[in-house]
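# Notes for the structure review
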Amino acid sequence: MKKIIVLLTAVLLIALVWFFALSLNAPKISNVKTQEGKGLPSGFELLKLNGEKVNETELNNGIVLLNVWASWCITCLVEHPFLNELSETYNIDVIGINYKDKLGDAIRYLDKNGDPYIYSIHDYDGKYALKLGVTGAPETFLLIDGEIVKHRVGEVNQQVWDEEFSNFF
Amino acid sequence: MKNLATFFSIFFINFFIYADQLYTGLDEQQLKRLNHLSDNIRCPKCSYGNISSSNAPISKDLKEEIAQMILAKKTDDEIYDTMSERYGDYILLNDVEKRNPLIFLAPLIALIISILVVTIYTIKKSK
């Protein structure tokens, strides 16, 4: 009986050490859930920066890369050259969601830094982005036929692109 | 002195106008609910802290959205469900123990089982 208890204690101890060792490499549970597997929010009348109405079926068909940006966002400015490269070199269509921005500031930002977007949705109050699950800028969503297959919170650069997005193209 | 008085007058007038504009339409009871819910929902952009104590724009947006849901007669559970469906259970703070009692009962169950095992072993050994 004594041997069994010693053996059980040893097994329990090893299991505990193994469990904690594994949890060191586990993804952080504190991360906010990404929006993968979901679709785009409905019931919004979306306008482009130029005032034209957005055709929502366009967003729900084929491969769509949505990038949340703002003129006041420093990380967006860091990310911007890579987005320019994506649209120019890789010929990938990127649609912007201009998040909580003034129209004039947004247009000046694109004039100054280049416009990698085929168009940008003007989400001036951030309500569309809020329903989409955006917590700030920049964030990037990859949609295939209306389903979010990749949601990146933070900057997309070459390394992130190669690791998380490139295999979809 | 006159400039200082002008500054404080403008500051306090603006402060009260701003406070008055937030969450209009909520009665005292609903405001209490809003505060309680905001205390129990984590700011998704911050490392720590709830949306009550956070100045992040997303926290303000979420508080406004919760106020709208209260006005739309949503229950607390429905509001928590909306938030956790969008951001995951990570967003829920204190009230999570009521929603997942098993997680919090597990240590107690383990303790009771351990005490039982030790007691049975000791009784058997003494015989």
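Residues numbered from 1 in each chain as written. Chains lettered and ligands numbered in written order. Predicted model: local features only at pLDDT ≥ 70, side-chain atom pairs only at ≥ 80, totals over all residues. Heavy atoms only, no water.

An unreviewed UniProt entry lists chain B under the name Cytochrome c-type biogenesis protein, with SAR86 cluster bacterium as the source organism. UniProt, in the comment section headed Function (unreviewed entry), describes chain B in these words: "Possible subunit of a heme lyase." Check the Sequence similarities (unreviewed entry) section of the UniProt entry for chain B; it says "Belongs to the CcmH/CycL/Ccl2/NrfF family." (UniProt positions renumbered as here; feature names shortened; annotations may be inferred.)

Within chain A, the regular secondary structure consists of six helices and five strands. Scanning chain A from its N terminus toward the C terminus, one meets helices and strands in the order α-α-β-α-β-α-β-α-β-β-α. Burial statistics for chain A: of 169 residues in total, 40% are counted as buried. Within chain A, contacts between residues separated by at least 24 positions form 72% of all contacts whose residues are at least 6 apart in sequence. (Helix = DSSP H or I, 4+ residues; strand = E, 2+ residues; numbered from the N terminus. Buried < 20%, exposed > 50% of the residue type's maximum accessible area, 1.4 Å probe, protein only. Contact = heavy atoms within 4.5 Å.)

Right, let's get into the pairing of strand β5 (residues 147-153) of chain A. All names here are of chain A. As judged from the six bridges shared by strand β4 (residues 139-144) and β5, these two strands associate in the antiparallel manner. Considered in β5, the bridge of Phe141 is made with His151. Count of turn residues in the β4/β5 antiparallel hairpin: two residues, of which Asp145 carries a positive phi of about 50 degrees. (Pairing = 2+ DSSP bridges.)

Once that is clear, we can look at the interface of chain A and chain B. In this assembly, 19 residues from chain A lie in contact with 14 residues from chain B. Carbon and sulfur atoms make up 57% of the area that chain A and chain B hide from each other, which totals about 1400 Å². Among the residues chain A hides against chain B, the three largest losses belong to A:Val32, A:Leu130 and A:Thr135. Together they make up 36% of the total. Summed over the shared surface of chain A and chain B, the result is two salt bridges. When the shortest N-O distance is used, the salt bridge between A:Lys100 and B:Asp61 registers 2.6 Å. At the boundary of chain A with chain B, the tally comes to five residue pairs in polar contact (both at pLDDT 80 or more). (Buried area = accessible area lost by both parts, 1.4 Å probe. Salt bridge = Lys/Arg side-chain N within 4 Å of Asp/Glu carboxyl O. Polar contact = N/O pair within 3.5 Å; in protein donor to acceptor, adjacent residues only side chain to side chain.)

Moving on to the state of the cysteines. Residues and elements named next belong to chain A. One pass over the full model with this rule turns up two disulfides over all chains. Linked covalently through their sulfurs, Cys73 and Cys76 form a disulfide whose S-S length is 2.2 Å. The sign of the S-S torsion, about 90 degrees, decides the handedness of the disulfide formed by Cys73 and Cys76: right-handed. Both residues of the pair, Cys73 and Cys76, count as buried. (Disulfide = S-S within 2.5 Å.)

A separate point is the packing of helix α3 (residues 74-88) of chain A against helix α4 (residues 103-113) of chain A. Residue and element names in this part refer to chain A. Contact geometry for α3 and α4: axes closest at 11 Å, N-to-C directions at 55 degrees. Judged on the interaxial angle alone, α4 and α3 are oblique. Helix-helix and strand crossings are classified by hand; for α3 and α4 the assignment is right-handed. Where α3 approaches α4, its residues Cys76, Leu77, His80 and Asn84 are matched on the opposing element by Tyr109, Leu110 and Asn113. (Axes fitted to C-alpha atoms, helices over the stretch in contact; angles between N-to-C directions. Parallel < 35°, antiparallel > 145°, perpendicular 65-115°, else oblique. Left-handed = near helix turned anticlockwise from the far one by under 90°.)

Let's shift gears to the nonpolar core. Residue and element names in this part refer to chain A. Ranked by size, the top nonpolar core spans 40 residues in total, and within it Leu59, Leu65, Leu66, Trp69, Ile121, Phe141 and Trp161 carry the most contacts. Among the secondary structure elements, those contributing two or more residues to this core are β1 (63-69), α3, β2 (94-99), α4, β3 (117-123), α5 (127-132), β4 and α6 (158-165). For this core, the element with the highest residue contribution is β1, accounting for five residues. If we ignore the near neighbours within four places in the chain, the residues touching Ile121 are Leu46, Leu47, Lys48, Val54, Leu59, Ile95, Gly96, Ile97 and Asn98. (Core = buried A, V, L, I, M, F, W, Y, C linked by side-chain atoms within 4.5 Å.)

Across a sheet, strands are paired by hydrogen bonds formed along the backbone, either parallel or antiparallel in direction. Residues and elements named next belong to chain A. Reading across the sheet, the five strands line up as β3-β2-β1-β4-β5 and stay open at both edges, with mixed pairing between neighbours. Each having just a single partner strand, β3 and β5 make up the two edges of the open sheet. Strand after strand, the sheet turns through a mean of 20 degrees between neighbouring axes, direction not considered. As judged from the six bridges shared by β1 and β4, these two strands associate in the antiparallel manner. Bridging from a neighbouring strand, Val64 pairs with Leu143 of β4. The sheet strands contacting α3 are β1, β3 and β4, and the helix crosses β1 at an angle near 155 degrees.

Once that is clear, we can look at the confidence of the model for chain B. Put simply, chain B has an average pLDDT of 83, and 78% of its residues get 70 or more. Note on residues 15-21 of chain B: pLDDT is under 50 here. Beyond four places in sequence and across chains, it has one contact. (pLDDT = per-residue confidence, 0-100.)

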